[in-house]
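# Chain and residue survey
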Amino acid sequence: MASNWGPWIGRFNGRADTIGAVIRRVLIAMLGIQAILALSLVIGAFMTTGTVRQLIDDRLKPIAELQHVMDGYADSLATAQKVESGNLAASGALTAIAASQVTIERNWAKFRLHSLDPAYRKDIGDIVAARGNADDAIGKLQSLLQGGHVDQLDFFVSGRLYAAIDPLTESTNTLMDKLRDDATLKQGLVRHRVFRTYA
């Protein structure tokens with residue numbers, strides 16, 4: 001009886017023309033395909049993670065930091081208007097403006113740490129130039145408040161201060177809009193990679 005099973009066992013164990021050999025080749029091929037699929041999933045996950053990190057670090061964080069910078073200047077303008085209208089004392093205004101300056105400098109320093117695309121170099125240069133004018137105007141505002149020259153605020157706020165902060169707002173909004181558009185493109189790329197990886 002054992003001799004009757006011998007040829008079948010021999011075929012299953014290795015001759016090239018046996019069913020066992022064919023099944024082994026199919027199993028090896030299937031394992032190879034699974035290994036390739038697993039590797040592609042791992043690579044896709046790393047690429048997606050890298051793209052998400054780049055999206056956050058190079059687009060979303062700079063947008064938030066620029067917004068804080070712009071808000072700091074807008075707050076200084078609003079503070080000056082409160083003094084002008086008699087709703088805030090000069091001493092309170094000086095404290096508020098000093099706090100705004102801290103916010104501006106802290107967020108601008110964070111923003112400058114990012115390695116943004118060279119395509120944004122001109123936009124950043126425009127903001128730097130506008131910041132210079134705005135800082136000069138705020139310095140003058142602080143001098144007027146420290147000297148008790150509240151009567152001069154009407155002309156100064158509606159003239160020089162507003163004229164210095166408005167271009168800064170425009171140039172900052174321009175760069176933020178570009179970064180948002182770029183972030184939208186990056187989000188599309190992330191979605192595409194996720195779909196391609198896990199579909």
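Here is a short report on the structure shown in this document. (Residues numbered from 1 in each chain as written. Predicted model: local features only at pLDDT ≥ 70, side-chain atom pairs only at ≥ 80, totals over all residues. Heavy atoms only, no water.)

### What to know about the pattern of salt bridges
- By the definition in use, this model includes 5 salt bridges.
- Ionic pairing is found between Asp-126 and Lys-122, a salt bridge with its closest N-O pair at 3.0 Å. Here the residue Asp-126 and the residue Lys-122 both occupy positions in helix α4 (residues 121–146), the gap between them amounting to 4 residues, near one helical turn.
- A network of salt bridges, in which partner residues are shared, links Glu-105, Arg-131 and Asp-135. (Salt bridge = Lys/Arg side-chain N within 4 Å of Asp/Glu carboxyl O. Helix = DSSP H or I, 4+ residues; strand = E, 2+ residues; numbered from the N terminus.)

### Topic: the nonpolar core
- Counting 35 residues, the largest nonpolar core has Leu-66, Tyr-73, Leu-141, Leu-145, Leu-161 and Leu-175 as the members making the most contacts within it.
- Secondary structure elements with two or more residues in this core: α2 (19–84), α3 (90–112), α4 and α5 (153–198).
- By residue number, the principal contributor to this core is α5, which donates 10 residues.
- Residue contacts for Leu-145: discarding those within four places in its chain leaves Val-83, Ala-90, Ala-93, Leu-94, Ile-97 and Leu-153. (Core = buried A, V, L, I, M, F, W, Y, C linked by side-chain atoms within 4.5 Å. Buried < 20%, exposed > 50% of the residue type's maximum accessible area, 1.4 Å probe, protein only. Contact = heavy atoms within 4.5 Å.)

### So, a nonpolar patch on the surface
- A contiguous nonpolar patch, built from Ile-19, Ile-23, Leu-27 and Met-30 and spanning about 390 Å² of accessible area, is present on the exposed surface.
- Position of Leu-27 relative to the elements: it lies in helix α2.
- The partly exposed category is assigned to Leu-27, whose relative accessible area is 46%. (Patch = residues over 30% accessible without salt bridge, like charges linked within 9 Å, V, L, I, M, F, W, Y side chains within 5 Å. Areas by Shrake-Rupley, 256 points an atom, 1.4 Å probe, with all protein chains shown as cover.)

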